[in-house]
Amino acid sequence: MPELFDRAFQYFIAPAGSDERGDGTAARPFQSLERAAALIVDNHRKELPAVKVLSGGDEVELVCLERPGFGSPLRKQPRFRYFVAPDEVALAGDGTEAAPWPDLESAMAGVLQIHAGRQLRAGDRIQLTRREVFTAGIIERRKVAVDRLAKVVLAAVTAGLVLPLLAILSYLFTKAWPVLSWRFLIENPQNYMTAGGIWAPLVGTLYLVAISLAIAAPIGVLAGVYLNEYAGDNWLTRLVNLAVVNLAGVPSIVHALFGVGAFVLFAGFGRSVMAASATLAIMTLPVIITSTREALAAVPQSFREACWNMGASRWQTIRTIVLPNSIGGILTGVILQVSRAAGETAPILFTGAVFYVAVPDRGLASIFPYSLNDRCMALSYHLFTISTQVTGVSEALQYGTAVVLFGLVLMVNLVSITVRVYLRSRKRW
Amino acid sequence: MSHSMKRTLSVISESLVEWAIRICGWSAILFVFAIFFFVFREAVPVLFTQLDLREFFTSVNWRPDSRIRPQFGILALLAGTASVTILAMVISVPAGFAAAIYLSEFCGRKPRETLKIVIEFLAAIPSVVWGFIGYMVLNPIIIWATGAPIGINILNGAIILALMSVPIIMSVGEDALKAVPDGYREAAVALGASRWQIVYKVLLPAAKNGLLAAALLGVGRAVGETMAVLMATGHSVQIPHSFLDPVRTLTATIAAELGEAVEGGTHYRVLFVIGSLLMIISLVVNLTADLVVKGIRGKQNA
């Protein structure tokens, strides 16, 4: 008669203090493993033929007691776990999950062999289970373990990149805290830059950013329009794209040299706000070009086709359909340009930034202290000079300048991200 | 104004706008050539006359200010750039790839968005602030940890450069992984592969070109970086013997000396020669990266 239910059989063994005629119950445990093996096989052969091969979820467990009738706390997992796989064509197994034994008899023989000469301790359990066809095999389990390990390691590396930096940045902030105030921003550097605030360099940076933006934004946006709307798939377009990639990859110090050669000397600007801004503009152009191109590419082609079908020209389509639908992406690029331009130091080193300029403290002249032909201070260069060139500057002043520069860039980026998220949430296609 | 005149006007203005767009589009090419032209123009007068090119590349003596005999050997500067860049890449390429794989394959959508924003912020930190961190924060930490007499050295510069180039390596690498068609992943899942097996056996081989390009762009960024290495790697012109030696890189040399060099003098022009060299290096790196990426696109289209 076939078994309808899975059964778990539990037998007991107590090497110390049980008599030879134990039958495997808790009160009369087996005395030795040999006897246990023989009786278990015998028992299952005689009474429950199905169990002989361990079918379904059947399980045979051998529990080691301290003394007859006295259990000890069981481990959660059996200490020894072996497998039987009756349905499979198996040769001599060794009881592991990968190579199970074919039936109960060989299983018990195997257990004897494994445990020969090894004393079972109280609380140990030997469990024989059927290897389920669909349970995870050892290979499968190793796979999952490796997977988990990989995930943990990768996450740790990622966290290892991000967390120390956040720690450093907050350290900068705490060191800068004593000087951070409104007055720090609006006061000029004093006493050979060892005291006072950062107004002159801050205004200089705003100048450079504004003028470079005025140069780079129109050229960059139009170039992006050209690349996405006008350029065909030909060598010229490939060349333009290559030029954009290379322009972005040119080292900043080479941009500085270019600025010296082209704007300071050749164009005759001299070292001035104008020359520095122009250098920054060329340097940051790729940011605007690529983001404009991507923003335009995100406008579905069907919008354009619908417009062309109404008889609109190419430029009319761009002006009325493409640009309004991509203005957010373009704006993101423009804002990113601002953040790049505000932080750059190398390109303005020899084209217009100056160590120190006396700037009026009050009045209109303090808001517009530089003309296009003047050299100016800049926040990034100021940070470089007060931390490496000038002696006697207090740490708080140095950290304060770093935090303001970094905070400025961060804020600009935050605006860019907010614009992007907002526009994505309103996207209609 | 008659209707036809209005029409003519609008046609004219439209063609003007279109030409403006074309010219701006082509201007990128113009700018790249202009950069070449103007940097070379300042360099050429010494390039084939006063400057002994063999000495330039093989001598370790960089003595531009010497009254008796100025020497312009950049071998030590090249060694400085190479050592800082290589160490930086040893740190940042595996870390950047690991982060890219984590973000693109293992991470949920919400944490991914957050992490990407954080990393975007990291990419935005100005290089002079990085230099400041190296100079003020990392310097004492390195002295404390290694016992080196001075903490402004190759290791410091390399750590800073690694952190600076991780964002670009990561974002380009993630793009490369994302560019692998989902069909590859689905086929692997159907064969019973785990996530890590998909990454290891399917995605990495399939995205290897994009990942190579990511590493190359990281190298480009590290070689060209100026302010951070100027502040964090020290100022001694020497062939380094250990990671704790201070060195001077090509970029830092230009930044440190151009202000003092006499305009039009030999020293000044030699700095432009170094600039041209940097320009050529970055061009080669970027073109290679571009070709490598084009390589995958070509294959996918076919």
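What counts as what
- Residues numbered from 1 in each chain as written.
- Chains lettered and ligands numbered in written order.
- Predicted model: local features only at pLDDT ≥ 70, side-chain atom pairs only at ≥ 80, totals over all residues.
- Core = buried A, V, L, I, M, F, W, Y, C linked by C-beta atoms within 7 Å.
- Buried ≥ 20, exposed ≤ 12 C-beta atoms within 10 Å, placed from the backbone.
- Helix = DSSP H or I, 4+ residues; strand = E, 2+ residues; numbered from the N terminus.
- Contact = placed C-beta atoms within 7 Å.
- Domains from an automatic or database assignment.
- Nonpolar A, V, L, I, M, F, W, Y, C, P; charged D, E, K, R; others polar.
- Axes fitted to C-alpha atoms, helices over the stretch in contact; angles between N-to-C directions.
- Parallel < 35°, antiparallel > 145°, perpendicular 65-115°, else oblique.
- Left-handed = near helix turned anticlockwise from the far one by under 90°.

**Structural notes on the nonpolar core**
Point 1. Core analysis: the largest hydrophobic core is formed by 190 residues, its most contacted members being Ala402(A), Ile160(B) and Leu161(B).
Point 2. At 17 residues, helix H5 (residues 199-230) of chain A tops the list of elements feeding residues into this core.
Point 3. For Ile160(B), the residues in contact, after removing those within four places along its chain, are Trp130(B), Ile133(B), Gly134(B), Leu138(B), Ala228(B) and Ala232(B).
Point 4. Within the second largest apolar cluster, 26 residues are counted, among which are Ala36(A), Ile40(A), Leu65(A) and Ile126(A).

**Some remarks on the interface of chain B and chain A**
Point 1. The partner chain A presents 66 residues to the 68 residues of chain B that form the contact.
Point 2. When residues of the side of chain B that touches chain A are assigned to their parent elements, the largest contribution, 20 residues, is made by helix H1 (residues 3-47) of chain B.

**Quick look at the domain arrangement of chain B**
Residue and element names in this part refer to chain B.
Point 1. For chain B, the domain assignment lists domain 1 (3-49) and domain 2 (71-301).
Point 2. Contacts between domain 1 and domain 2 engage 9 residues on the former and 8 residues on the latter.
Point 3. Per-class residue counts for the side of domain 1 that touches domain 2 are 8 nonpolar, no polar and 1 charged.

**Some points on the packing of helix H7 (residues 182-190) of chain B against helix H8 (residues 195-206) of chain B**
Residue and element names in this part refer to chain B.
Point 1. As a packed pair, H7 and H8 sit with axes 10 Å apart at the nearest point and diverge in direction by 155°. As summarised for this structure, H7 and H8 are arranged roughly antiparallel, according to the angle between their axes. For the pair H7 and H8, the sense of crossing is right-handed. Contacts between H7 and H8 involve Tyr-184, Arg-185 and Ala-188 from the first element and Ile-198, Val-202 and Ala-206 from the second.
Point 2. The class makeup of the residues in the contact of H7 with H8 is 5 nonpolar, no polar and 1 charged.

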